[in-house]
Amino acid sequence: NVYQKLILRFGQPKSLDLSGAKPHVVFFIGPTGVGKTTTIAKIASKYKVDYEKKVAFITADTYRIAATEQLQVYANILDAPMSIVYSKEELNEAIEKYAEYDLVFVDTAGFSHKNEEQLKDLGNLLDQVPIADRQVYLVLNAGTKYSDLKEIAKVYSRITDFSIIFTKLDETSSAGSILNVRVETKCPLSYVTWGQNVPDDIGEIDAQKIAKQLLGGKE
């Protein structure tokens, strides 16, 4: 009975929505060091290779040293174009350039959720794309303590709605925070990652597997 209730609490995973007009603009937001860029590469690889979609990359992460180079490497491997934008105005120009593409993945700068100025800048960047035309994923490290995860999600919810991706499941033995964040935020869960291998080590969240873990059973 508890097992079934846990699964219901997790809800259905929310993957990318490819209905409607293209390009589908997908933003990845979140703190520093959670693995946004690698996660983008994993998802883009799956859609390009498995589903033969035309993908393009935009990075607005001009704060972190080597951030643009990292995404450029993945773009080169996938033979996909990439643009670097330094302002919200340049974002629109880049999206227009990729009008014929199926998916445009936008990497954003990671920052402390306590940095109000960068949070405002991110909100302004997101607002360049109407809510109906954008998909947003908040990327969180599954090993972060729950009180911080709750605070991070609360802060980002001030600027946008989002689905949640949890990374680095291989670095933590506790999956309880995943359920707690889902219950607290009511935001849909999406993908989980468990390693650095691209395009592997990623999948839609498996509610049954995590529920068994939480109840002390075998996976």
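For clarity, every value in this text was computed on a predicted model and none was experimentally measured. (Residues numbered from 1 in each chain as written. Predicted model: local features only at pLDDT ≥ 70, side-chain atom pairs only at ≥ 80, totals over all residues. Heavy atoms only, no water.)

**Student:** Any chance you could break down the nonpolar core for me, citing the residues and the numbers?
**Tutor:** Counting residues in each nonpolar core, the largest one holds 46 residues, and the members touching the most others are Ile58, Tyr156 and Phe166. For this core, the leading source of residues is helix 6 (residues 146-156), giving 5 residues. Discounting chain neighbours no more than four positions away, the residues touching isoleucine 58 are Leu71, Ser83, Val85, Leu91, Ala94, Ile95, Tyr98, Val104, Phe105, Val106 and Asp107. Counting residues in each nonpolar core, the second largest holds 22 residues, with Phe28, Ala44, Leu103 and Tyr137 among its members. (Core = buried A, V, L, I, M, F, W, Y, C linked by side-chain atoms within 4.5 Å. Buried < 20%, exposed > 50% of the residue type's maximum accessible area, 1.4 Å probe, protein only. Helix = DSSP H or I, 4+ residues; strand = E, 2+ residues; numbered from the N terminus. Contact = heavy atoms within 4.5 Å.)

**Student:** Describe in detail the layout of surface pockets, supporting the description with residues and values.
**Tutor:** The volume enclosed by the largest pocket comes to roughly 490 Å³. Residue lining of the largest pocket: 23 residues in total, with Ile131, Ala132, Asp133, Arg134 and Gln135 positioned closest to the centre. Breaking the lining of the largest pocket down by element, the ones donating at least two residues are strand 1 (24-29), helix 4 (88-97) and strand 5 (134-141). The class makeup of the residues in the lining of the largest pocket is 10 nonpolar, 7 polar and 6 charged. (1 Å grid on protein atoms, 1.4 Å probe; cavity = no way out; pocket = protein on both sides within 12 Å on 5 of 7 lines; lining within 4 Å. Points joined across faces, edges and corners; volume = space filled by probe spheres on them. Nonpolar A, V, L, I, M, F, W, Y, C, P; charged D, E, K, R; others polar.)

**Student:** Explain the packing of aromatic side chains to me, using residue names and the numbers behind them.
**Tutor:** All told, the structure shown has 7 aromatic pairs when counted by the stated rule. Between phenylalanine 28 and phenylalanine 105 the ring centres are 6.1 Å apart and the planes differ by 40°, which places this aromatic pair in the tilted class. Of this pair, phenylalanine 28 sits in strand 1 while phenylalanine 105 sits in strand 4 (residues 103-107), and the two are 77 residues apart along the sequence. In terms of burial, phenylalanine 28 and phenylalanine 105 fall into one category: buried. Ring geometry for tyrosine 137 versus tyrosine 191: centroids 6.2 Å apart, planes at 50°, classification tilted. Note that tyrosine 137 is positioned in strand 5 and tyrosine 191 in strand 7 (residues 189-193), a separation of 54 residues in sequence. With a relative accessible area of 8%, tyrosine 191 lands in the buried category. Grouping aromatic residues by their ring pairs yields a cluster made of Phe28, Phe57, Phe105, Tyr137 and Tyr191. The ring of tyrosine 101 is capped by lysine 54, whose NZ or CZ atom sits 4.4 Å from the centre of that ring. (Phe/Tyr/Trp six-rings, centres within 6.5 Å; stacked < 30°, edge-to-face > 60°. Lys NZ or Arg CZ within 6 Å of the ring centre and 35° of its normal.)

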